[in-house]
Amino acid sequence: MYTSGVVNRSSAAATTTASHTFTSVKAPSAALISEVLYREDQPMMAQLLLLPLLQQLGQQSRWQLWLTPQQKLSREWVQSSGLPLTKVMQLRQMSSYDMLDSMVRASQTGNYSVVIGWLTDELSAEEHARLQRAAEEGNAMVLIMRPVQSASHSTGQFNGLKIHSNLYH
């Protein structure tokens, strides 16, 4: 799992005048980008790793945005997983470029606690920096779901987090 970002960043500055003390505190940032590599043959990983996080984020007043390639998110799965159906929004994307651009724009808005997108290729350093800036601006968590290519795991143990994507109908 590739993770970068700032989970708890705070700064405080105090200025003292003759009879007043002024304190400026920046709220902790939830900005985080995490890449989750998954294989179709490991169905329990999503429930074990992502659902508790998504359930906790579902308690916020902000939305959860799922940018999926072609599949339609199963309404039954969302409800049975304990995710707030009224706060889960799904948009289907066509290309990786559109997906990345949509993830950046959505992250910047501040309307989403988490933006989840499926990408087939690794991000370049420039793309990652662009997404990181957007997540910080909107105080959003970004989860990049990326399938492990079959050649990557055919010759032994793969050192990465794998999440099952059989969450669709």
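The protein chain goes by Cell division inhibitor SulA in an unreviewed UniProt entry, where it is assigned to Kluyvera sichuanensis. Note on the protein chain: under the UniProt heading Subunit (unreviewed entry), the record states "Interacts with FtsZ." Database annotation for the protein chain, UniProt heading Sequence similarities (unreviewed entry): "Belongs to the SulA family."

Undergrad: How should the packing of aromatic side chains be read in this particular structure?
TA: Taken as a whole and assessed by the stated rule, the structure comprises two aromatic pairs. Note on Trp 66 and Trp 118: the rings are 6.1 Å apart at their centroids and 25° apart in plane angle, and the pair reads as stacked. Here the residue Trp 66 occupies a position in strand 5 (residues 63-68), and Trp 118 occupies one in strand 7 (residues 112-118), the gap between them amounting to 52 residues. Members of the aromatic cluster, each reached through a chain of ring pairs, are Trp 66, Trp 77 and Trp 118.

Undergrad: Where do I start with the pairing of strand 8 (residues 141-147) in this structure?
TA: Most of strand 8 is tucked away, with six of its seven residues classed as buried. Relative to strand 8, strand 4 (residues 32-38) is paired through seven bridges, and the arrangement is parallel. Bridging across to strand 8, Tyr 38 finds its partner in Pro 147. With five bridges connecting them, strand 7 and strand 8 associate as parallel partners. Within the sheet, the bridge partner assigned to Ile 116 lies in strand 8 and is Leu 143. Following the chain from strand 7 across helix 4 (residues 125-138) to the adjacent parallel strand 8, one finds a crossover that is right-handed.

Definitions and cut-offs
- Residues numbered from 1 in each chain as written.
- Predicted model: local features only at pLDDT ≥ 70, side-chain atom pairs only at ≥ 80, totals over all residues.
- Heavy atoms only, no water.
- UniProt positions renumbered as here; feature names shortened; annotations may be inferred.
- Phe/Tyr/Trp six-rings, centres within 6.5 Å; stacked < 30°, edge-to-face > 60°.
- Helix = DSSP H or I, 4+ residues; strand = E, 2+ residues; numbered from the N terminus.
- Buried < 20%, exposed > 50% of the residue type's maximum accessible area, 1.4 Å probe, protein only.
- Pairing = 2+ DSSP bridges.
- Right-handed = clockwise from strand over helix to strand, strands pointing away.

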